[in-house]
Amino acid sequence: MEPIKTITTEELEKKIENGENLLLIDVREEEEVEQGMIEGAKHIPMGQIPNHLDELDKDKEYIFICRSGRRSENVCHYLQDQGYKVRNMVGGMLEWNGEVIL
């Protein structure tokens, strides 16, 4: 099994500041995202991911976000097995120091 690529919160923050076009997906639950999300992230709760596969493009890389990085890592394993390009934000929102939108 191929290891999951990762990105740190600092690396992601720099990419956002540089204006890079990123595909961010937040897999936390509704009550968690109400406390703030990274701007531009799309919210798809972890349990809903299989229902949204038709919205994802296998030619693009997606960065997955959760509270600590554990759920998003699980989603990354699942999607990588399906042939998607994925990257996990290590440390999750617990380590995110950048701006959030409510």
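Residues numbered from 1 in each chain as written. Predicted model: local features only at pLDDT ≥ 70, side-chain atom pairs only at ≥ 80, totals over all residues. Heavy atoms only, no water.

Bringing the overall build of the chain into the picture now. Within the chain, the secondary structure is distributed over three helices and five strands. Rg of the C-alpha trace for the chain: 12 Å, near the compact-globule value of 13 Å for 102 residues, within the 12% margin. In terms of overall dimensions, the chain has C-alpha extents of about 30 × 30 × 20 Å along its principal axes. Scored against the burial criterion, the 102 residues of the chain give a buried share of 39%. Within the chain, residue pairs in contact and separated by at least 24 positions form 65% of the contacts whose partners lie at least 6 positions apart. Here the chain has roughly 6,100 Å² of accessible surface; of this, 44% comes from carbon and sulfur atoms. When the 12 positive and 22 negative side-chain charges of the chain are each reduced to one mean point, those points stand 5 Å apart. (Helix = DSSP H or I, 4+ residues; strand = E, 2+ residues; numbered from the N terminus. Rg over C-alpha atoms; globule rule 2.2 N^0.38 Å. Buried < 20%, exposed > 50% of the residue type's maximum accessible area, 1.4 Å probe, protein only. Contact = heavy atoms within 4.5 Å. Areas by Shrake-Rupley, 256 points an atom, 1.4 Å probe, with all protein chains shown as cover. Lys, Arg positive; Asp, Glu negative; His and termini not counted. Charge placed at Lys NZ, Arg CZ, Asp CG, Glu CD.)

This part covers the pattern of salt bridges. For side chains bearing opposite charge, pairing can occur when the charged atoms are close. Within the structure shown, the criterion is met by six salt bridges. One salt bridge connects glutamate 20 with lysine 15, and the closest N-O pair in it is separated by 3.3 Å. Of the residues examined, lysine 15 reaches a relative accessible area of 29% and is grouped as partly exposed. Between arginine 70 and glutamate 73 there is a salt bridge; the shortest N-O distance is 2.7 Å. Remark: glutamate 73 and arginine 70 occur in helix α3 (residues 70-81); sequence separation between them is three residues, near one turn of the helix. (Salt bridge = Lys/Arg side-chain N within 4 Å of Asp/Glu carboxyl O.)

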